Amino acid sequence: MPDVEGETGTNRDGEEEEDTDSMDGSGLYSLTEDGERESEGGRRERAKDKDGGKRAARKRNRPDTNHSTSSDEDDDEDEEEEQKDDEDDDEAMEAWLGAELSDLRGPVWRAVPSLRYREIGRNSHQFVRRVCGARGLVQRLELQGRLERHTGCVNTLHFNPSGTRLASGSDDLRVVIWDWAVRRAELEFDSGHKSNVFQAKFLPHSGDSTLAMCARDGQIRVAELSATQRCKNTKRVAQHKGAAHKLALEPDSPCSFLSAGEDAVVFGIDLRLDRPANKLVVVKEGDKKVGLYTIFVNPAKTQHFAVGGRDQYVRIYDQRKINENDNNGVLKKFCPSHLVSSESKTNITCLVYSHDGTELLASYNDEDIYLFDSNHSDGADYRRRYKGHRNNATVKGVNFYGPCSEFVVSGSDCGHIYLWDKYSARIVQFMEGDRGGVVNCLEPHPHLPGMATSGLDHDIKLWAPTAETPTGLKGLKEVMKKNKRERDEDSVRHGDQYDTQLLWFLMRHMRNRRPPRVSSPTLQNYLIVGEERNWCNSKMH
């Protein structure tokens, strides 16, 4: 079995030139030889039997010291049994991590031939596109620099369509427009929001003059920017009765977009109208409203949009034919089969469509990331599963990386950034992100091989493929195991709903006793400021 920590890309003697994407042996976490699969229920049962009962049983069944030859022999026997149990636990963990993986495909881009073809003008229009999707460059991503201006957690990042500017929003209620290439803030302004800014996005085809924003206060606001690096004004265009975490842009529209809130409402917003906000749907499961954390418009079928929130279902709607009396207006729903009847309070914290709208990626709290085929019929199961990270402490983001959505990228509560090869579900890059311990936002550049990330730290980090050698994924195996164990422990520890309801009540009481504006990078204050009721009901952050 390959040693994850020791794997690095190497050059073979005798080769004339190295292919920068030919690093199949570097950075792969093949943790089992045969990739055996084990059911979720079986794994939990084994974990309970081993962790919860074996050591206690040994103590109960230990022979009386009067009949024992010596206490030293008892201690040696216990140590041997504990060591065996640890080995069994490691085998079960590696089987779980190694399940549902496929072999990595061969390199689809070769550096030297591509450069030669580019020099003679052959396929030159495809050069940048293929470079951005090359696994060899993903494996060479490293930190390039930081953008520092905010005084609170940075909750949102968004490149303009040309990729020359980057917008960021923060708990400090301010929005900054960056010339990221020279690491300079070109414009900074007050968002007009009264609580944490969750998203700020450039509207397409607006000349970077219109920025849509949403926040914990439930307001949807629009900022008008001038060519002289000044914010003319911000105005409220819609109001949710609860936090609004995400906006969904329509790819070709400079004046219309969607918003989703914890009040379960989806607004269609058209800035050309006197009353811009139009309620499209109230998302329900049966008669119960489902608060929303995320929304995304299908880039190929712009009349379709997907939402996710406080239950386990990805819901797709068609704006042209939403009839709430017929299946609550839902066109189709997706959910991993093992979560359909799950008793755990699973939520979807983020979902995104692929570049061509054929695939849908959903990140579940205290669970994994799942890839669905958006063209499949209602109720279809997931196609691939990406695991190893931890999504528990905050409303975590997920994204595709690459011009053809070749990779999946996510932050984690452990403070690391993970990139999976989409087809094999294997981790190909693993980087340390925030010192604060949580990475929430991941924004790939629209045209270049690189991305920006942010989280509980007050800065923005820029990443580019400039490392001399590909990653060796040092420490990945241990971090993945730690994340899985903590997730399993929390799923048991936080199972009492009455305790979580009491926690929410205490947080609400503390919030009412505090000054109205609180900005702190700590997770405790992140929760105190907020009013995410059901989120707190299902998770004791």
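Residues numbered from 1 in each chain as written. Predicted model: local features only at pLDDT ≥ 70, side-chain atom pairs only at ≥ 80, totals over all residues. Heavy atoms only, no water.

A.B. asks: Would you mind going over the overall build of the chain with me for this structure?
C.D. replies: A count of helices and strands for the chain gives 10 helices and 30 strands. When burial is assessed residue by residue, the chain has 56% of its 541 residues classed as buried. Across the chain, every contact between residues at least 6 apart in sequence was considered, and the portion connecting residues at least 24 apart equals 58%. Approximately 25,000 Å² of the chain is accessible, and the part contributed by carbon and sulfur atoms is 44%. (Helix = DSSP H or I, 4+ residues; strand = E, 2+ residues; numbered from the N terminus. Buried < 20%, exposed > 50% of the residue type's maximum accessible area, 1.4 Å probe, protein only. Contact = heavy atoms within 4.5 Å. Areas by Shrake-Rupley, 256 points an atom, 1.4 Å probe, with all protein chains shown as cover.)

A.B. asks: Looking at this structure, how should I read the nonpolar core?
C.D. replies: Taken as a class, soluble globular proteins show a tendency for nonpolar side chains to be buried jointly. Membership of the largest hydrophobic core comes to 22 residues, with the highest contact counts inside it found for Leu361, Tyr386, Val408, Tyr418 and Ile427. Looking at this core, the elements that each hand over two or more residues are α2 (71–98), β20 (348–353), β22 (369–373), β24 (398–401), β26 (416–421), β27 (427–432) and α7 (476–493). With near-sequence residues (within four places) excluded, Tyr386 lies in contact with Leu361, Asp368, Ile369, Leu371, Val408, Trp420, Asp421, Lys422 and Ala425. Within the second largest apolar cluster, 18 residues are counted, among which are Phe198, Phe267, Ile269 and Val282. (Core = buried A, V, L, I, M, F, W, Y, C linked by side-chain atoms within 4.5 Å.)

A.B. asks: I tried to follow the sheet that holds strand β16 (residues 292–297) on my own but got confused; where do I start?
C.D. replies: In any sheet, the strands associate via hydrogen bonds between backbone groups, in a parallel or an antiparallel arrangement. Across the sheet, 4 strands lie side by side as β16-β17-β18-β19; this open sheet has antiparallel pairing. Two strands lie at the open edges of the sheet, namely β16 and β19 (332–334), each paired on one side alone. The sheet shows a mean angle of 20° between the axes of neighbouring strands, taken without regard to direction. As defined by bridge partners, β16 adjoins strand β17 (residues 304–309) across 5 bridges and the pair is classed as antiparallel. Across the sheet, the residue bridging to Leu292 is Gly309, located in β17. (Pairing = 2+ DSSP bridges. Axes fitted to C-alpha atoms, helices over the stretch in contact; angles between N-to-C directions.)

A.B. asks: Looking at this model, I keep getting lost on the confidence of the model for the chain. Mind explaining?
C.D. replies: Do not read the predicted coordinates in detail wherever pLDDT is low. Per-residue confidence for the chain averages 81 on the pLDDT scale, and 76% of its residues sit at or above 70. The model gives residues 1–61 a pLDDT under 50, and that stretch makes 118 contacts with residues more than four places away or in other chains. Low pLDDT, under 50, characterises residues 495–506; the stretch is placed with 11 contacts to residues that sit more than four places away or in other chains. (pLDDT = per-residue confidence, 0-100.)

A.B. asks: Quick question: what am I supposed to make of helix α3 (residues 111–119) here?
C.D. replies: Side chains that are three or four residues apart share a direction in an α-helix, a result of its 3.6 residues per turn. Buried within α3 are the following residues: Ala111, Val112 and Ser114. Projected onto a plane normal to the axis of α3, the buried residues spread over an arc of 165° and lie on a single side. Summarising the contacts, the buried residues of α3 are in contact with α4 (127–132). Of the residues flanking the end of α3, it is Gly121, one or two places downstream, whose phi is positive at about 80°. (Arc of directions from axis to C-beta.)

A.B. asks: I'm lost on the environment of Val128 in this one. Help?
C.D. replies: Here Val128 lies in helix α4. With 320 residues separating them along the chain, Val128 and Leu448 place their C-alpha atoms 7.5 Å apart.

A.B. asks: Sorry, what's going on with the UniProt feature "repeat: WD" (unreviewed entry) in the chain here?
C.D. replies: The sites that UniProt annotates as "repeat: WD" (unreviewed entry) are residues 147–179. What you have in residues 147–179 is 0% helix and 58% strand, and the ends, taken at the C-alpha atoms, are 10 Å apart. (UniProt positions renumbered as here; feature names shortened; annotations may be inferred.)

A.B. asks: Quick question: what am I supposed to make of the pairing of β27 here?
C.D. replies: It is a general feature of regular strands that their side chains alternate between the two faces of the sheet. Counting buried positions over the 6 residues of β27 gives 5, a clear majority of the element. Where β26 lies against β27, 5 bridges are found, and the strand directions are antiparallel. Among the inter-strand pairings, Trp420 is bridged to a residue of β27, identified as Ile427. Once β26 ends, the chain turns through 5 residues before running back antiparallel as β27, passing Ala425 with a positive phi of about 65°.

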